[in-house]
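# Fold and geometry: a report
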Amino acid sequence: MNQLISTQHLNLGYGNELVISDLKLEIDMTKNYFVIGKNGAGKSTLINFISNNFDGNIFNSSFEINFDTFILEIGAEHNLINELTLKENIEYFTKGKIDYSEYSLIVEKYNLIHFMNDRFSIFSSGMKKRSELVLIELNNPDFFCIDEPFNFLDDEGIKLFIELINNRTNQKKGNLIASQKLVDIFGADFQVINLNEI
């Protein structure tokens, strides 16, 4: 069974304020989704909910979630640990299960090999985003969510991100991308979830 989430009436918010109201949604963990919405429409809220990182309130909702799915998220806040080097972050977030000889090839592909022993805190925003993409590629989750993926990435970084998404699609691993505008630059098919219309 490939169902990740099924909702009939999903209502999410913070405090007493609703951000997402009466959303009907079916997410298949092998498919791709593009969530669009203006600022405040609930893109980050929905990604956090799908990734099991939601810390707001769920109001009078009906939904089913497959909690056995390995989901990773790159959100608005960076996930890596500032005090650790890139090498230490990789070993921490892969639980030491991947050899240096294997992960160094991925790091080199993302043009970060010369920064392996530098603390994450001194990285530029673009380097931080690339570092997070390295971890997605290494951990290869069943489902991947990313909020505003093109922020801080240069042309080469965007090319690497597109390659990552297309490779995951070929492996039947699902992806959810959230952005203010629909960007049609992927070879893969995406189902659009328009939060401006709910």
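As shown above, the structure is provided for reference.
First, a word on scope: everything that follows refers to the structure included in this document.

Procedures and definitions
- Residues numbered from 1 in each chain as written.
- Predicted model: local features only at pLDDT ≥ 70, side-chain atom pairs only at ≥ 80, totals over all residues.
- Heavy atoms only, no water.
- Salt bridge = Lys/Arg side-chain N within 4 Å of Asp/Glu carboxyl O.
- Helix = DSSP H or I, 4+ residues; strand = E, 2+ residues; numbered from the N terminus.
- Buried < 20%, exposed > 50% of the residue type's maximum accessible area, 1.4 Å probe, protein only.

The next subject is the pattern of salt bridges. Side chains that differ in sign of charge can pair as their charged atoms come close. Enumeration over the complete set of coordinates arrives at four salt bridges. For Glu91, the salt bridge is made with Lys87, and the minimal N-O distance between the two is 3.2 Å. One end of the pair, Glu91, and the other, Lys87, are both in helix H2 (residues 86-93), four residues apart, so they sit about a helical turn from each other. For Glu91, a relative accessible area of 31% puts it in the partly exposed group. The partly exposed category is assigned to Lys87, whose relative accessible area is 27%. A salt bridge links Glu137 to Lys109, with the nearest nitrogen and oxygen atoms 2.7 Å apart. Taken together, the residues span a long stretch of sequence, with Glu137 in helix H4 (residues 125-139) and Lys109 in helix H3 (residues 100-109) at a distance of 28 residues. Through salt bridges that share partners, Lys109, Glu137 and Glu163 make up one connected network.

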